[in-house]
Amino acid sequence: MKILVTGVKGQLGHDVVEECQKRGIEAIGVDVEEMDITDASKVEEVIKASNVDAVVHCAAWTAVDKAEDEVALCTKVNVDGTYNIAKVCKELDIKMMYFSTDYVFDGQGDQDWKEYDERHPLNVYGQTKCEGEIAVQKLLEKYFIVRIAWVFGINGNNFIKTMLRLGKERGAVSVVNDQIGSPTYTYDLAKLVVDMIQTDKYGIYHATNEGLCSWYEFACEIFKQAGLDVEVTPVNSSAFPAKAKRPSNSRMSKAELDKNGFNRLPSWQDALQRYLKLIQ
């Protein structure tokens, strides 16, 4: 099998290419320099020349607050870019995997979001990812939509790296305790992704590491495992006013993973432990 991976410089794209290489699967990693996803003709040219069996589409606009000011640009990347890829996948009759987010839901309540629940995004970023999902569903039959949340990996910045930096600099941090979700380690996710793309078990999936926490609980565990003495103060989201509204409930059902025989990811605490060993 041969796979094209977009967004190879990002946390997930990097790990998916590495996982493919470990398994002897040919993976071509591209980023904006090799294939600007907003350029439809370039997308067509690169995918066709690559002669691949599948596209794993990790590239995205992920600056959530900035999206509120840059609506047109965020839409161009997350909606138009995704459409451009899906269109070529349809023409070539090849598989496509698209990564989405818990932000497609309104984040209310305390129940798990089911894979086929109605989408009601809270912010511009969520809206564009939702429209990307719809574009994939309208154009393709051979698609996987994988919703992820609270992502961390070796490449790029993430919450863990930020907490470690602030903890060392200040010795104390304030972290919101009214948003609940599950962290997602891209190393673990990449294994699932490569398993999944080799099947024809198409549809919508939720994939995060197992277990729930608030950002406050996540921060406490980071410092505990890192052996840092940092004072962590729990606060409400109102203490950190942001341009984009965040979901308070990011609990996501894994029913489709279970139904289709895919392994769930390890616990987020286990993932954190392995991750810290690599970055500390």
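Quick note: structure is the one above.
Structural notes, computed from the coordinates. (Residues numbered from 1 in each chain as written. Predicted model: local features only at pLDDT ≥ 70, side-chain atom pairs only at ≥ 80, totals over all residues. Heavy atoms only, no water.)

This next bit is on the state of the cysteines. Inspection of every chain in the model, using the stated rule, returns 0 disulfides. The closest cysteine sulfur to the non-disulfide-bonded Cys58 is located on Cys20, 9.6 Å from its own sulfur. (Disulfide = S-S within 2.5 Å.)

Residues Met35, Ile47, Val55, Ile85, Met96 and Leu140 are the most contacted members of the largest nonpolar core, which totals 32 residues. When residues of this core are traced back to their parent elements, those giving at least two are helix 2 (40-50), helix 3 (64-67), helix 4 (71-92), strand 4 (95-101), helix 5 (124-139) and strand 5 (143-148). The element that contributes the greatest number of residues to this core is helix 4, accounting for 6 residues. In this structure, Ile47 is in contact with Leu4, Met35, Val52, Val55, Ile85, Val88, Leu92 and Ile94, ignoring residues within four places of it in sequence. (Core = buried A, V, L, I, M, F, W, Y, C linked by side-chain atoms within 4.5 Å. Buried < 20%, exposed > 50% of the residue type's maximum accessible area, 1.4 Å probe, protein only. Helix = DSSP H or I, 4+ residues; strand = E, 2+ residues; numbered from the N terminus. Contact = heavy atoms within 4.5 Å.)

The next thing to look at is the sheet that holds strand 4. With respect to topology, 6 strands assemble into an open sheet ordered 2-1-3-4-5-10, the strand pairing being parallel. Each edge of the sheet is formed by a strand with only one pairing partner; in this case those strands are strand 2 (26-30) and strand 10 (203-206). Within the sheet, the average angular offset between the axes of one strand and its neighbour, ignoring direction, is 20°. Across 5 bridges, the pairing between strand 1 (residues 2-6) and strand 2 is parallel. Each residue of the ladder has a partner; that of Thr6, found in strand 2, is Val30. The strands touched by helix 1 (residues 11-22) within the sheet are strand 1, strand 2, strand 3 (54-57), strand 4 and strand 5, with strand 1 carrying the most contacts at an inclination of about 165°. The strands touched by helix 7 (residues 186-197) within the sheet are strand 1, strand 3, strand 4, strand 5 and strand 10, with strand 4 carrying the most contacts at an inclination of about 145°. (Pairing = 2+ DSSP bridges. Axes fitted to C-alpha atoms, helices over the stretch in contact; angles between N-to-C directions.)

Now for the environment of Arg147. Relative to the helices and strands, Arg147 is located in strand 5. Measuring from C-alpha to C-alpha, the distance between Arg147 and Phe262 comes to 15 Å, with 115 residues separating the pair along the chain. A distance of 2.9 Å separates the side chain of Arg147 from the backbone oxygen of Glu115, its partner in a polar contact. (Polar contact = N/O pair within 3.5 Å; in protein donor to acceptor, adjacent residues only side chain to side chain.)

Distances and angles like these do not, on their own, reveal function.
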